[in-house]
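Structure assessment
So the chains spell out like this:
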Amino acid sequence: MATVALENVGKVYPGGVEAVKGVTLDIPDGSFTVLLGPSGCGKSTLLRMIAGLETITTGTCRIADRIVNDVEPADRDIAMVFQNYALYPHMSVYDNMAYGLRNRRTPKDEIDRRVKDAARILAIGDYLDRKPRALSGGQRQRVALGRAIVRDPKVFLFDEPLSNLDAKLRVATRIELRKLHERLGTTSIYVTHDQVEAMTLGDRVVVMREGTVQQVGPPLELYNKPANTFVAGFIGSPPMNFADVSFTERDGRLVAEADSIQIVVPEPMRRRIGRSTGRTATLGIRPENLRIATPDADRSNAITGVVQVVEHLGAESLVAVDAGGHLLIAKADPTVAFASNETVRLTPDPEALHFFDSTSGAAL
Amino acid sequence: MVERRPWLTLLAHVTLAIGVLMVAFPIWVTFVASTHRPEDIMTAPIPLWPGTQLLANYSELLFSGLKNPSAGGVPLWRMMANSLVMALIIAIGKIVLSFMAAFAIVYFRFPFRMAAFWLIFMTLMLPVEVRIVPTFKVVADLGMLNSYAGLTVPLLASATATFLFRQFFLTVPDELAEAARMDGAGPLRFMKDILLPLSTTNIAALFVIMFTFGWNQYLWPLLMTTDRQYMTVVMGIQRMINVADTDPQWPMVMAAVILAMLPPVAIVVVLQKWFVKGLVETEK
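Our subject in this report is the structure included herewith. (Residues numbered from 1 in each chain as written. Chains lettered and ligands numbered in written order. Predicted model: local features only at pLDDT ≥ 70, side-chain atom pairs only at ≥ 80, totals over all residues. Heavy atoms only, no water.)

A few points about the overall build of chain B
When helices and strands are tallied, chain B shows 14 helices and zero strands. Helices (α) and strands (β) of chain B occur, in sequence order from the N terminus, as α-α-α-α-α-α-α-α-α-α-α-α-α-α. Taken over the C-alpha trace, chain B has a radius of gyration of 24 Å; the compact-globule value for 284 residues is 19 Å, which it surpasses by more than 25%. Looking at the 284 residues of chain B, the share that counts as buried comes to 39%. Across chain B, contacts joining residues at least 24 apart in sequence account for 71% of those joining residues at least 6 apart. Looking at chain B as shown, the accessible area adds up to about 15,800 Å², and 72% of this sits on carbon and sulfur atoms. Computed over 19 positive and 16 negative side-chain charges, the separation of the two mean positions in chain B equals 5 Å. (Helix = DSSP H or I, 4+ residues; strand = E, 2+ residues; numbered from the N terminus. Rg over C-alpha atoms; globule rule 2.2 N^0.38 Å. Buried < 20%, exposed > 50% of the residue type's maximum accessible area, 1.4 Å probe, protein only. Contact = heavy atoms within 4.5 Å. Areas by Shrake-Rupley, 256 points an atom, 1.4 Å probe, with all protein chains shown as cover. Lys, Arg positive; Asp, Glu negative; His and termini not counted. Charge placed at Lys NZ, Arg CZ, Asp CG, Glu CD.)

This is the structure we're talking about:
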């Protein structure tokens, strides 16, 4: 059990590519922290630097209050689960799990006990004599997990471990990973580009983009209070709708306006925006917070648009609406039918409006 | 083609049978010739069935050798043993050296790594014959003429094998090396515990090729050895034919040819199943 502390950590590859730019991050003891971001955002590089598989160009990395910049991966007391499992193909499941312990000269009966324990936790006891080749993807993933567990490390590192599994297995394994973490309580760092995985697994999510940390927080905080347009657009499915608006004062109320958009800014939000008339901003509103209103609803607080496409997902429908050049997605009741080119009015949930600075993208 | 027609099956078998006959017939004639007296095979028609001299010819050849001056009465078992030692040292040495060279090139970052690789790669274009004079000079100056070291050391480096191992190592996922690093395996342990077991089929295939290569060496042993004690079987056959004022003892020569063929054939037969395994198992 240990904390991981990154201080101003940066990585520059020999070609001059700066993959990670001065990341400072504290990972508390026993937490399940997810590094989330699109491909190429530096999340895997960051994980590999913690693992010791990449050298750290600048800054320091501490595991359990020990600076590990120049410590070999095997001596950092960590274990890693790789995306393609990286099982030794010529060794049996048992040997795969025991290999690391044997290299540490752990006594034979101790190895046996630990491997059997891990096999029992992961329900792979029946396959211990098999070669990885004879296992399914899910079973291989468990063996890779087992190899990490038997080491009883201070920190678990996961590099997109579920991306090679099919959708159904991925959901099942996700739940098991969560249960496993609750049972072992070991500090875990998990890299993924899948926001659903990040939201369901992590108790803290770190959103990264182009080598920098965008926001750190519990999943719901990221969802409810995104720090900028990038985080807002990356978390949530379908993604948040954005529209450029300008503010005007009307009848003592602050209104955010654009072509076909007129939205009254609620009072608490207004205080945050401050002096505002004539100012422009980016409005963000999630599909689930847009309601399709009856035609006679209040025109002064609504978005008017033309239905483009309706996607039926069963539990809900996604309606794509063209509102003055902005394509907005709204989640709608699947029982209501819409015709293409029908004019509709959308009313947003006033509690769920987001405004971002139009140049910096930071939340207002 | 999914259809099965009896006459097509027949045609296929006949074609195959003709092919087999074309390859096997000369070997059969060689074998038959080795079982007759010299005068029998020098008169037409050539016999097509084994004669009576099988045991006599082979035992004389193996244990006392031919008495003509250039063959010098070296028993064939001695030549076979020389060939075997030479072929084994060359095959094993080549595999060990090129395995380690490829390991260094693929898994370590050192200055001029690519330069080293290209240098090795370029020597692919230089067979022994091209560099035979300088190599002979070096070996002679080192005093290695007429020794097993002289027979084998200049042939130990192998660009082909290094290249093949390199290509194989490049297909081994990086994560495997990283996982081993995490598991506390240093470079040498990774090589021994992970890379070596994964390479067994490649090693078997290379061993067959390199053993045959070593066994069939002709020019180099011919230059290298003046002492009959180090005569190899391939050059021995040449010496047996090379006689003055008389006919070569063809039955003996044919018997030597048959015996010289056996070890490479045995190696191929024994290691054949590894070949197939190597071809079928693509998963790493």
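A short note on the sheet that holds strand E7 (residues 155-159) of chain A
Residues and elements named next belong to chain A. Spatially, the six strands line up as an open sheet ordered E6-E7-E8-E3-E9-E10, and their pairing is mixed. Across the chains shown, the open sheet's two edge strands, defined by having one partner strand only, are strand E6 (78-81) and strand E10 (212-217). Between one strand and the next, the sheet's axes are offset by a mean angle of 20 degrees, whatever the strand orientation. For strand E3 (residues 32-36) and strand E8 (residues 187-192), the ladder comprises five bridges, and the chain directions are parallel. Directly across from Phe32, in E8, lies its bridge partner Ser188. (Pairing = 2+ DSSP bridges. Axes fitted to C-alpha atoms, helices over the stretch in contact; angles between N-to-C directions.)

Topic: the pattern of salt bridges
All names here are of chain A. Tallying each qualifying case throughout the model produces 23 salt bridges over all chains. Taking the shortest distance from any N to any O, the salt bridge between Glu110 and Arg113 comes out at 3.3 Å. Of the two residues, Glu110 and Arg113 both sit in helix H3 (residues 108-122), three residues apart, roughly one turn of that helix. The class of Glu110 is partly exposed, set by a relative accessible area of 24%. Here Arg113 falls in the partly exposed class, since its relative accessible area comes to 44%. Asp117 is the partner of Arg113 in a salt bridge, and the nearest nitrogen-oxygen pair spans 3.5 Å. With Arg113 and Asp117 both in helix H3, this residue pair falls four residues apart, about one helical turn. (Salt bridge = Lys/Arg side-chain N within 4 Å of Asp/Glu carboxyl O.)

Digging into the sheet that holds strand E1 (residues 4-12) of chain A
All names here are of chain A. Here four strands make up an open sheet; going across it, the order is E2-E1-E4-E5 and the pairing antiparallel. What marks the edges here is a single partner per strand, and that holds for strand E2 (18-27) and strand E5 (66-67). Across two bridges, the pairing between strand E4 (residues 58-63) and E5 is antiparallel. Residue pairing in the sheet places Arg62 in a bridge with Ile67 of E5.

Here's the deal with the interface of chain A and chain B
Residue-level contacts link 26 residues of chain A with 19 residues of chain B. Taken together, both faces of the contact between chain A and chain B bury some 2,000 Å²; the carbon and sulfur share is 55%. Where chain A packs against chain B, one counts three salt bridges. With a closest N to O distance of 3.3 Å, Arg151 of chain A and Asp183 of chain B form a salt bridge. Our enumeration of links across chain A and chain B arrives at 13 residue pairs in polar contact (both at pLDDT 80 or more). Breaking the side of chain A that touches chain B down by element, the ones donating at least two residues are helix H1 (43-51), E6, helix H2 (93-103) and helix H4 (137-150) of chain A. (Buried area = accessible area lost by both parts, 1.4 Å probe. Polar contact = N/O pair within 3.5 Å; in protein donor to acceptor, adjacent residues only side chain to side chain.)

Thoughts on the packing of aromatic side chains
One pass over the structure, following the stated rule, counts 27 aromatic pairs over all chains. Measuring from ring centre to ring centre gives 5.2 Å for Phe99 of chain B and Phe165 of chain B, while their planes differ by 85 degrees; the resulting arrangement is edge-to-face. Of this pair, Phe99 of chain B sits in helix H4 (residues 76-107) while Phe165 of chain B sits in helix H8 (residues 159-171); the two residues are 66 residues apart in sequence, bridging distant segments of the chain. Given the relative accessible area of 0%, Phe165 of chain B is considered buried. Taking 5.5 Å as the distance between ring centres and 40 degrees as the angle between the ring planes, the aromatic pair formed by Phe103 of chain B and Tyr107 of chain B counts as tilted. Taken together, the residues Phe103 of chain B and Tyr107 of chain B, both in helix H4 and four residues apart, mark about one turn of the helix. Here Arg286 of chain A stacks its cationic end above the ring of Tyr223 of chain A, 4.1 Å away from the centre of that ring. (Phe/Tyr/Trp six-rings, centres within 6.5 Å; stacked < 30°, edge-to-face > 60°. Lys NZ or Arg CZ within 6 Å of the ring centre and 35° of its normal.)

Quick look at helix H1 (residues 6-33) of chain B
All names here are of chain B. Between its terminal C-alpha atoms H1 stretches 39 Å, which fits the 40 Å expected from 28 residues at 1.5 Å a residue. Maximum bend of H1: about 35 degrees, positioned at Ala24, with proline Pro26 one to four residues after it. The set of residues buried in H1 consists of Thr30, Val32 and Ala33. (Expected span 1.5 Å × (residues − 1). Bend = angle between axes of the 7 residues up to and from the residue.)

Topic: unusual backbone geometry
All names here are of chain A. In this model, Ser237 is joined to Pro238 through a cis peptide bond whose omega is -10 degrees. With respect to the helices and strands, Pro238 occurs in the loop between helix H8 (229-234) and strand E11 (241-250). In this model, Tyr85 sits at a positive phi of 70 degrees, which is unusual for a non-glycine residue. In this structure, Asp152 is a non-glycine residue whose phi angle is positive, near 50 degrees. With respect to the helices and strands, Asp152 occurs in the loop between H4 and E7. For Asp152, a relative accessible area of 56% translates into the label exposed.

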